[in-house]
Each structure stands twice: as structure tokens, then as C-alpha cells.
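Analysis of the macromolecular model
One letter stands for each residue in the lines below.
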Amino acid sequence: MNMKHLVLMIVVIAGLSLLLGCEGVSVSVNAEGDIAFARSEGIFFYNPDQNSLSLVEWKYGSEVVPVIVRWSPDGKTIAYTEKSSADSQETRVYVIGRNGEGKRQLYSTEHPITQMEWDPKGIYISVAQAGEDTDLGVADLVIISVEQEKVVKVMENTGDSHAWFDNNNLVFMKIDEVNPDNSGIFKGSLRMYRLSLDEDLEIAQTMVPREGSIVVNPFRRQIGFTAIGAGSDVGVYEEYMSDEAYAYIVQPGNVPELASPDVVNFIAFSPDGVQLLAKTVTWDGADLSVIDWKTKQTRTLVSPITDTVSIDSAEIQIYPAWYDSDRVLYFLFSRVYGSNGSTLRLMILDKRKGSPANLQIEIDKRIHQLVLENGGY
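In what follows, the accompanying structure is described.

About the cut-offs
- Residues numbered from 1 in each chain as written.
- Predicted model: local features only at pLDDT ≥ 70, side-chain atom pairs only at ≥ 80, totals over all residues.
- Heavy atoms only, no water.
- Pairing = 2+ DSSP bridges.
- Helix = DSSP H or I, 4+ residues; strand = E, 2+ residues; numbered from the N terminus.
- Axes fitted to C-alpha atoms, helices over the stretch in contact; angles between N-to-C directions.
- Core = buried A, V, L, I, M, F, W, Y, C linked by side-chain atoms within 4.5 Å.
- Buried < 20%, exposed > 50% of the residue type's maximum accessible area, 1.4 Å probe, protein only.
- Contact = heavy atoms within 4.5 Å.
- Polar contact = N/O pair within 3.5 Å; in protein donor to acceptor, adjacent residues only side chain to side chain.

A few words now on the sheet that holds strand S6 (residues 77–83). Backbone-to-backbone hydrogen bonds join strands into a sheet, with any given pair of strands oriented parallel or antiparallel. Ordered in space as S5-S6-S7-S8, the four strands form an open sheet in which the pairing is antiparallel. Of all strands in the sheet, those with a lone pairing partner are strand S5 (65–71) and strand S8 (104–109), marking the two edges. Mean inter-strand twist for the sheet, computed between neighbouring axes without regard to direction, equals 20°.

Below you can see the structure in the form of C-alpha cells.
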């Protein structure tokens, strides 16, 4: 397997909601260019180059709701989370083959799961779930052994966002305290949990907002993360302080460096590790941008993109992703009928040409055909 494709699968959707919230809308891309996603009708993957849609698990007509999907590093298995209903808190974790075979339940919890990641060798799956500490209102980290189906809670009071540095080390944000004047700002530290030694090491002191990212660049053994401040720039709580965050890059043992002066709430390393895909924050939303972290230069690709959607008074994060070294995936929110009828459209953009394409047309058409073949609406 091409190493850059392997890296893409590991880090493409690592940066999710930093602290506990609702599950965001995301996709997962494997080395073959298959985009896995969850809808109310089930689990699917779509390949835009081949213009093919494949069904993995059919759910149409059922109350259960699939939420998060992640390709395994070898691209042969999908892990996904499922809730018994849209309003349920209980969440289950399953693995299933790309052709729908060998489905197994690995884990069940009474708490919502907000992020899930495979380790680089496909041995473990890590999940962030609603934490027991209701005062902080953040997450706990759990690691599942896929073959042994063994579950261990490894850390309490963490951010949702976490990423595997390698197959033995998991990077996460430890949360220590909340700003007494702003419950959306926290102090803590970027840390690394070492599975073989059952210990964690501090990488940098941090101050972070409720939304953010942690991602890993295996080529340069770097960690990218978003924070209000990091290292010697952590700062102190202020009554009316801003929760604006910035992208930092650090190698364990070194001092974090600011990757860009732009305000961001999401980052993801490109497959070659040279650029960061980012949601750069604007006064009225967010733009899709790429940051050259060496030169600290930012180039806007799409303005604006959909940053969040509101569902039952909750703000749901929408996450872009790298498709390959030259193309990126993102969502656009569109009003289709009247003032309230709306939809999300999955888009793909070649950043060399600046030409977007709407993938949603073919996806909807093919899922519509599947509904008709399985009994109709």
C-alpha cells in the first residue's frame, strides 16, 4: 500500500469536536478513494473516480441511526457507531467488512460517542465518549482491542479530538479546569498515552476552546492541534476573553510553533504532510483553506463553506477532508424548498484547478434506486 494513502486514512478525519458535544458530520476516505459515510438509509461508500456507490449496511425503515464511520488502515473493514434512535444516548460500536460481511459488535455504552479512530495497524479502535465528570462536561477516552473485543477506559476528562501518533501512542488533550467566566474555554495539556506502559506524558500546556482538532503527520512525527494558546503562550483566564483558536505544530520534546496567524477551528495534514486543510474562521462563518505551515501562508479554496448546522438548538460541526493530495471534500448547506427545507451537499474540489463538483447528485440518485429495490418509500 502507498504510504501516503495509509497516512491519509489515519489522519484525514482525526480533527473533530475537541470537547464534548454532538457528533459531527464527517466522511472517511480509504486508499482506493472510497468515501465512506453514514445516512439514515445506512452505511455506504462512494468512489467519485469510478462513479460507483456500494452498500455496506442497510438501515432504511429502522429507528437505529448510524453516525460515525471510519475505514480501517487496510481499507477492508469499516468501524461505525450506531444509536438505537435519533434521541438515544446509548451508542454501540460495530465493525463490518466492506461488502457487508462479518458484522460484529465491539462495544456498547450508555453515553454518546463523539469521535472514533483506528490505530495505524488496525489493532485498536479509540473512542471519546461523554465523561463521568459532569462539572467539566468533557469526555473520557476508551480503547477497544478489535480482535479480543477487550475494552479499557484509559483516561478521564479529555477532549473529544485525539489521534494515534503510532500504534502504541495516542495523543489527546487532558482537561484540568474550566474558565469560571466562560464555560467554553479550558486549561489543560496536550498529552501522549503510551499503551505498552500504561502511562501518559505531557507534550505542552494549553488553553483550548470547545471546538478544535488534533492531527498527526507520521512523515515528520509532528502533532498539529488547535488552541487559544500553547506552551509559554498559554496565558491566563480573562472575564471577557475570546475563544479564538490557532493552529500549532509540535514534535514531542520540542516547543509548539504557531503554524498560521489565521483563526481556525479545524485542521488536517495533507497526505504529503506539507499543508494543513483548515476551516478558517470569518466574521460570518468559515472558509475552506490550505495553510503552508512552513511559510505560514494561507490560501482560501472556497468561501464560504458550511461550518455548522443547527439541530434542536444544538450546533453540529461539519468537517471537510482530504480526498487525495490534490482534492478536498467539503459540505455545502442549501435551502431547497421554502425557507426551511434544507440539505447538505457533499462537494469535491481540485485545488489545482479550483473546479468544484457536486457528488450529492449521484449519491442521492443511487440511494433512491436502492430504496425502490428494497420496498420503496
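Still to come is the rest of the account.
Bringing the nonpolar core into the picture now. With 22 residues, the main nonpolar core has Ile35, Phe37, Leu53, Leu329, Leu359 and Ile363 as its most contacted residues. Going through the elements one at a time, strand S2 (35–39), strand S3 (42–47), strand S26 (314–317), strand S28 (327–337), strand S29 (341–350) and helix H2 (360–373) are the ones with two or more residues in this core. A per-element tally of this core places H2 first, with four residues. With residues near it in sequence (within four places) discarded, Ile363 still touches Phe37, Arg39, Tyr46, Leu53 and Leu346. Listed in part, the 20 residues of the second largest apolar core include Ala163, Phe165, Val208 and Ile214.

Here the focus is the sheet that holds S2. Strand order across the open sheet formed by four strands is S1-S2-S3-S4, with antiparallel pairing between neighbours. If you trace the sheet from one side to the other, it starts and ends with strand S1 (28–29) and strand S4 (52–58), each paired once. Running at roughly 50° to S4, H2 makes contact with S2, S3 and S4 of the sheet.

Further remarks concern the environment of Phe225. Residue placement: Phe225 occurs in strand S17 (residues 222–227). The class of Phe225 is buried, set by a relative accessible area of 0%. Each residue touching Phe225, except ones within four places of it in the same chain, is listed here: Met173, Leu190, Thr206, Ser213, Ile214, Ala230, Tyr246, Ala247, Tyr248, Val250, Pro256 and Ile267.

Attention shifts here to the side chain of Gln275. Tracing the backbone shows Gln275 in strand S22 (residues 275–282). Within the structure, the side chain of Gln275 is placed 3.4 Å from the side chain of Lys351, a separation counted as a polar contact. Setting aside chain neighbours within four positions, we find Gln275 in contact with Ala268, Phe269, Ser270, Val290, Ile291, Asp292, Trp293, Trp322 and Lys351.

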